[in-house]
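Structural features, examined
Here's the letter readout for the chains.
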Amino acid sequence: MKAPLNEVRLRFLSRSRNEAFIRSAVAAFCAPADPTLEELGDIKTAVSEAVTNCIVHAYPDSLGWIAVRARLFEDGLLELTVRDRGRGIENIAAARAPMFTTGGAERSGMGFTIMESFMDLVRVRSAPGKGTTLTLRRRLHSRETSPARS
Amino acid sequence: MEIRWSGEGRELTIALSGELDHHTAKEVLHTLDALMEERLPLDCTLDLSGLEFMDSSGIAVILGVYRRVYELAGAFRVERVPPQAARVLGASGIDRIVEIRGEAVI
């Protein structure tokens, strides 16, 4: 991969009020790539799902740090990594399955399904007790260069 | 998040506005639980036209209301869904369980 055009790193506590902040920050970071409203909505949703997973599952009984790195490449590729040092995932395949949740009636179990539907790539690396790193990629199709998609 | 409701007797329309995510859903679930218990609606509509953002937390909220109305053998529908929330509903497949009527006009 070539060097990114731009990159930001954000580190924040696993407080649920940070969900709105982080998805807005990532959307603002993408703005120079001129994404469509649909692309922006998809990215905000995926970020919200990823960060919610860290808050609910990585740090269920405590506060911990979540690190988000956003990189934008020349060809419009957006890559996001969301990393925690929390509980980790025992069974990644089960966690990714639709309707699977350990979060009770408050959660739908659709977070991974939605991320997979909205992103071109969703990669999960996790070790129980050590934490999880999620990588999300989505190619943005600028309204200038491909009007057919907007 | 703002929750408003209207309707007489066993008819209830609930309108949600703002950003519905994991942070705000806790209060929404709590408020709607109490409201459903008090009103026991047989005809219930959830109007999402005021939502500026919704993630999968919204699916849990919709399913919570749906289950309560289903127990009462009532009718339930989700109305006027904004485009971003409609993408989330579509990806989740909830439209196969719950009646979705029309998208919000923006």
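This report concerns the structure included in the present document. Worth saying up front: this structure is predicted, and the values here are computed from it rather than measured.

Glancing now at the overall build of chain B. Along the backbone of chain B there are three helices and five strands. Listed N to C, the secondary structure of chain B is β-β-α-β-α-β-α-β in terms of helices and strands. Taking 106 residues into account, the globule formula puts the C-alpha radius of gyration at 13 Å, and chain B, at 12 Å, falls close to it. Each principal axis of the C-alpha atoms in chain B carries an extent, and together these give about 30 × 25 × 20 Å. Within chain B, the proportion of its 106 residues that are buried is 50%. Carbon and sulfur atoms make up 48% of the accessible area of chain B, which amounts to about 5100 Å² in all. Between the mean site of the 11 positive side-chain charges and the mean site of the 18 negative ones, chain B shows a separation of 4 Å.

Along the backbone of chain A there are four helices and five strands. The globule rule puts the C-alpha radius of gyration for 150 residues at 15 Å, and the 15 Å found for chain A is close to it. For chain A, the proportion of its 150 residues judged to be buried stands at 49%. Considering only intrachain contacts with a sequence separation of at least 6, the fraction spanning at least 24 residues in chain A is 66%. A total accessible area of about 7500 Å² is found for chain A, and carbon and sulfur atoms account for 51% of it. For chain A, the separation between the mean place of its 22 positive charges and that of its 17 negative charges on side chains is 6 Å.

An ideal rise of 1.5 Å per residue puts 32 Å on 22 residues; helix α2 (residues 37-58) of chain A measures up with 31 Å between its terminal C-alpha atoms. Within α2 of chain A, 17 of the 22 residues are buried, leaving the element largely enclosed by the surrounding structure.

The next point concerns unusual backbone geometry. The backbone of Asp-34 of chain A sits at a positive phi, close to 55°, despite the residue not being glycine. For Asp-34 of chain A, the location among the structural elements is in the loop between α1 (18-30) and α2. With a phi close to 40°, Leu-40 of chain B is a non-glycine residue in the positive phi region. Summarising the element assignment, Leu-40 of chain B is placed in the loop between α1 (22-39) and β3 (43-54).

Within a beta sheet, neighbouring strands are joined by backbone hydrogen bonds and run either parallel or antiparallel to one another. All names here are of chain A. Taking strand neighbours across the sheet as the criterion, the five strands line up as β1-β2-β3-β5-β4 in an open arrangement whose pairing is antiparallel. Sheet topology places β1 (6-13) and β4 (121-127) at the edges, where each strand pairs with a single neighbour. Averaged over all adjacent pairs, the angle separating strand axes in this sheet is 10°, with direction ignored. As judged from the seven bridges shared by β4 and strand β5 (residues 131-139), these two strands associate in the antiparallel manner. Counted as the bridge partner of Leu-121 is Arg-137 from β5.

A few words now on the layout of surface pockets. A probe matching the size of a water molecule, rolled over the atoms, marks out where space remains unfilled. Residues and elements named next belong to chain A. As a volume, the largest pocket reaches approximately 610 Å³. Asn-53, His-57, Ile-89, Ala-95 and Phe-112 are, among the 34 residues lining the largest pocket, the residues nearest its centre. Within the residue set of the lining of the largest pocket, elements represented by two or more residues are α2, β3 (77-84), α3 (92-96), α4 (111-118) and β5. In terms of residue count, α2 provides more of the lining of the largest pocket than any other element does, eight residues in total.

How each quantity is defined
Residues numbered from 1 in each chain as written. Chains lettered and ligands numbered in written order. Predicted model: local features only at pLDDT ≥ 70, side-chain atom pairs only at ≥ 80, totals over all residues. Heavy atoms only, no water. Helix = DSSP H or I, 4+ residues; strand = E, 2+ residues; numbered from the N terminus. Rg over C-alpha atoms; globule rule 2.2 N^0.38 Å. Buried < 20%, exposed > 50% of the residue type's maximum accessible area, 1.4 Å probe, protein only. Areas by Shrake-Rupley, 256 points an atom, 1.4 Å probe, with all protein chains shown as cover. Lys, Arg positive; Asp, Glu negative; His and termini not counted. Charge placed at Lys NZ, Arg CZ, Asp CG, Glu CD. Contact = heavy atoms within 4.5 Å. Expected span 1.5 Å × (residues − 1). Pairing = 2+ DSSP bridges. Axes fitted to C-alpha atoms, helices over the stretch in contact; angles between N-to-C directions. 1 Å grid on protein atoms, 1.4 Å probe; cavity = no way out; pocket = protein on both sides within 12 Å on 5 of 7 lines; lining within 4 Å. Points joined across faces, edges and corners; volume = space filled by probe spheres on them.

Coordinates in, geometry out; function isn't part of it.
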